[in-house]
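Notes for the structure review
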Amino acid sequence: MTKQAKSAGKTLSRLQRRAGASLWWAIALPLVSGGLLVWQAATLAHVVGQAVESRVELTALLPSLALILALMGARALFSGIGDWLGTRGAEAIKQALRQDLLAGLLARSPRRQDQPHSGAAVTAIIDQVEALDGYFARYIPAAAQAALLPLVFGAIILPLDWVAGTLFLVSAPLIPLFMALVGWGAQAATDRQAQALSRLSGRFADRLRGLLTLKLFGREAAETDGIMLASENLRRRTLRVLGIAFLSSAVLEFFAALGVAGVALYLGLTFIDFLHLRSSPLTLELALFLLLMAPEVYNPLRLLAAHYHDRAAAKAAVAEIEAQLGFLTDGVPTLSDAAPCLGRALAVTLSGVTLRTPDHQRVLVENIELDIAPGQHIALLGPSGQGKSTLLDAIAGLRTHEGDILLDGKPLGDWPEHHLRARTFLLTQRPRLLHASLADNIALARPGASRRDIETAAERASVMPFAAALPYGLDTIIGEDGLGLSGGQAQRVALARLFLRDAGLILLDEPTAHLDPALEAEIMSALLAYARGRTLIVATHSHAAAAQLDKTWRIAGQSLVPVAISAKRKGVA
Ligand SMILES: Nc1ncnc2c1ncn2[C@@H]1O[C@H](COP(=O)(O)OP(=O)(O)OP(=O)(O)O)[C@@H](O)[C@H]1O
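This write-up is about the structure you can find in this document. (Residues numbered from 1 in each chain as written. Predicted model: local features only at pLDDT ≥ 70, side-chain atom pairs only at ≥ 80, totals over all residues. Heavy atoms only, no water.)

1. What to know about unusual backbone geometry
One non-glycine residue with positive phi stands out, namely D408, at about 55°. Note on D408: relative accessible area 32%, which makes it partly exposed. (Buried < 20%, exposed > 50% of the residue type's maximum accessible area, 1.4 Å probe, protein only.)

2. Some details on the pattern of salt bridges
All told, the structure shown has 19 salt bridges when counted by the stated rule. Between E91 and K94 there is a salt bridge, with the nearest N and O atoms lying 2.8 Å from each other. You can see E91 and its partner K94 sitting in helix α3 (residues 58-107), three residues apart, about one turn around the helix. Two residues, D408 and R344, come together in a salt bridge whose shortest N-O distance is 3.6 Å. You can see D408 sitting in the loop between β4 (402-407) and β5 (410-411) and its partner R344 sitting in the loop between α10 (284-325) and β1 (348-356), a full 64 residues away along the chain. (Salt bridge = Lys/Arg side-chain N within 4 Å of Asp/Glu carboxyl O. Helix = DSSP H or I, 4+ residues; strand = E, 2+ residues; numbered from the N terminus.)

3. Here's the deal with the packing of aromatic side chains
Under the counting rule described, the total for this entry stands at five aromatic pairs. Each ring, one from F499 and one from Y530, has its centre 5.0 Å from the other, and the planes form 75°; the classification is edge-to-face. Here F499 is found in the loop between α16 (487-496) and β7 (505-509), whereas its partner Y530 is found in helix α17 (residues 517-531), with 31 residues between them in sequence. Looking at K410, its charged tip hangs above the ring of W415, at a distance of 5.0 Å from the centre. In this arrangement the basic side chain of R534 is found over the ring face of Y530, its NZ or CZ atom lying 4.3 Å from the centre. (Phe/Tyr/Trp six-rings, centres within 6.5 Å; stacked < 30°, edge-to-face > 60°. Lys NZ or Arg CZ within 6 Å of the ring centre and 35° of its normal.)

4. Remarks on the site of the ligand
Taken together, 17 residues lie near the ligand, and S384, K388, S389, T390 and Q429 sit nearest. Between the ligand and K388 there is a distance of 2.7 Å, counted from an oxygen atom to a side-chain nitrogen or oxygen. In this structure, an oxygen atom belonging to the ligand sits 2.5 Å away from a side-chain N or O atom of Q429. When isolated, the ligand has an accessible area of 650 Å², and the protein chains bury 67% of it. Of all the elements, helix α11 (residues 388-395) adds the most residues to the shell around the ligand, at three residues. Of the residues in the shell around the ligand, the class split is three nonpolar, ten polar and four charged. (Near = heavy atom within 4 Å. Polar contact = N/O pair within 3.5 Å; in protein donor to acceptor, adjacent residues only side chain to side chain. Areas by Shrake-Rupley, 256 points an atom, 1.4 Å probe, with all protein chains shown as cover. Nonpolar A, V, L, I, M, F, W, Y, C, P; charged D, E, K, R; others polar.)

5. Topic: the packing of helix α7 (residues 186-209) against helix α9 (residues 220-271)
Two elements in contact, α7 and α9, have axes separated by 9 Å at closest approach and are oriented at 160°. On the basis of the axis angle, α7 is roughly antiparallel to α9. Classified by chirality, the crossing of α9 by α7 is left-handed. Where α7 abuts α9, its residues A186, A189, T190, R192, Q193, A196, L197, R199, L200, R203, F204 and R207 lie against E223, G226, I227, A230, S231, L234, R237, T238, R240, V241 and I244. The residue makeup of the contact of α7 with α9, split by class, is eleven nonpolar, five polar and seven charged. (Axes fitted to C-alpha atoms, helices over the stretch in contact; angles between N-to-C directions. Parallel < 35°, antiparallel > 145°, perpendicular 65-115°, else oblique. Left-handed = near helix turned anticlockwise from the far one by under 90°. Contact = heavy atoms within 4.5 Å.)

6. Some thoughts on the environment of G49
Checked against the element boundaries, G49 lands in helix α2 (residues 21-52). For G49, a relative accessible area of 3% puts it in the buried group. Sequence separation of G49 and E285 is 236 residues, and the distance between their C-alpha atoms is 4.6 Å. Discounting residues that sit within four places of it in the chain, G49 has contacts with S54, L284 and E285.

7. Some details on the sheet that holds β5
The strand order across the open sheet formed by four strands is β2-β1-β4-β5, and the pairing between neighbours is antiparallel. Edge positions in the sheet fall to β2 (363-372) and β5, since each has one partner strand and no second. Sheet topology places β4 next to β5; two bridges connect them, and they run antiparallel. Within β5, the position partnered with L407 by the bridge is K410. Across the face of the sheet, α11 comes into contact with β1, β2 and β4 while running at roughly 125° to β1. (Pairing = 2+ DSSP bridges.)

8. A closer look at the pairing of strand β8 (residues 535-539)
Counted residue by residue, β8 has five buried out of five residues, so it is predominantly covered. Taking every second residue as pointing to the same face, both faces of β8 are buried, with T535, I537 and A539 on one and L536 and V538 on the other. Pairing of strand β3 (residues 377-381) with β8, which is carried by four bridges, proceeds in the parallel orientation. Its bridge partner being in β8, A379 is matched across the sheet by V538. Where β7 lies against β8, five bridges are found, and the strand directions are parallel. By the bridge assignment for β8, L505 is matched with T535. You can see the chain leave β7, run along α17 and come back into β8, and the turn it takes is right-handed. (Right-handed = clockwise from strand over helix to strand, strands pointing away.)

And the structure:
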């Protein structure tokens with residue numbers, strides 16, 4: 001067994017504990033039902049034996065017939081309840097796992113280099129978690145039945161008839177062995193199928209998002225071919241898995257049929273006095289009991305074979321989830337919405353800070369020092385690609401860094417995530433707008449904000465003038481990622497979120513990038529009014545914007561150097 005399969009097995013056992021008692025009952029009830037089956041077969045054989053051999057009146061057999069009916073009813077009930085509890089246990093595990101995965105995904109930095117592809121993450125959380133269903137709901141109860149019932153049945157039959165008992169006890173364990181031999185490559189094939197599914201989902205989601213670009217460059221046909229190829233790959237791998245599953249089922253059916261036929265042949269030959277392996281004569285009642293039990297000995301194995309693939313699928317799913325979203329542990333990150341925060345200005349201290357590109361290959365800034373007093377307003381200039389956005393991200397705790405970044409004297413790592421989010425506000429260069437109304441997009445910053453507060457925020461960010469021209473004003477629904485809005489309008493909607501927060505440190509990445517000079521001046525004056533008494537860092541290429549702030553720093557080479565900008569100087573860095 002590979003190391004990966006072993007670790008997936010351990011993870012599945014850990015997940016199993018989350019189902020609580022329902023899964024234990026789902027395992028126990030079919031075993032009880034199996035016990036009742038022996039009673040039912042013995043009673044039925046007794047009734048037939050009495051009626052045919054001893055010619056007992058039917059009325060005398062009525063209580064036994066009633067018992068058979070009651071046993072059948074009880075077995076059906078136990079099996080039904082067992083199935084239901086198994087499904088319930090599996091649902092509980094899937095639900096808890098999906099919540100954990102989502103919490104884990106949300107808790108880690110969205111800027112992490114190993115952030116999963118969104119399509120693959122969706123597949124992991126939805127499809128791969130769903131693939132665990134069969135394992136918990138059906139495979140585990142079936143495995144318990146297959147491990148216990150044939151041995152119990154064999155042990156009951158052995159003292160009654162040593163030939164049939166030995167046949168069962170020898171043939172039953174051989175079947176899983178042969179099945180395992182035939183299905184040797186099943187796990188690897190299932191792993192490959194799960195990977196192909198993730199790859200196809202990732203590719204599909206990515207191309208869907210870039211539909212416009214693909215269309216503009218006339219790449220629709222090539223991309224369709226690419227998706228077809230990936231689908232074909234998935235189809236081939238799925239068929240390979242199914243092929244192995246069919247083959248191992250066929251092996252089981254073959255041996256089970258041989259076993260049942262062997263018992264039937266032995267009983268028939270004994271009846272016609274051709275075989276004399278028994279020390280006592282064979283009664284009709286006993287022969288019938290053995291015949292009734294013969295298929296039942298193999299039935300749990302048949303059930304296991306039907307769900308054997310669920311185990312391989314679950315292991316592959318766990319491996320794929322862990323490959324996409326990281327290791328599944330018991331420690332679930334707790335998520336809490338940002339607590340209401342005080343707007344008190346934060347001091348920012350950078351000491352010997354070095355930042356690298358996401359692949360860690362190139363140094364963007366090295367060993368920089370910066371002291372920003374609470375309430376100070378700082379502009380950050382520098383050529384494109386030099387590291388301004390990376391520095392803002394790092395101060396917001398979204399990037400790894402070397403050296404110390406302190407907020408109010410406390411290292412970033414010591415800030416609980418929700419405190420950090422509550423005390424800081426970061427406007428990125430490409431803020432994400434959701435497919436919702438303008439008002440809802442703004443209210444994202446403070447759920448439950450009053451209409452009046454939303455309107456005031458929209459007013460301050462100069463959203464109102466263009467919103468008024470839209471059919472439903474602030475209630476106009478915008479397309480995914482701000483589709484329908486101009487670049488400058490989308491940036492202003494995102495900026496309006498700032499005015500619903502009460503952050504002590506405001507980090508803005510080119511807040512006026514897409515605006516004309518008049519609008520830039522308007523926004524800057526609203527911003528500065530709001531940022532009074534709060535610490536503000538603005539990364540910008542605009543000298544006009546920088547000139548309005550207290551101090552300006554420029555990233556030059558890999559250092560941070562102070563620059564003096566006169567209020568009169570305007571232009572672009
Ligand atoms: N996956 C990656 N591998 C290597 N380098 C990367 C990767 N992703 C981004 N980079 C580099 O990291 C740098 C990030 O720069 P950053 O966005 O901080 O610059 P900036 O000063 O904000 O630029 P602008 O003014 O254009 O916004 C860029 O030089 C970019 O080329």
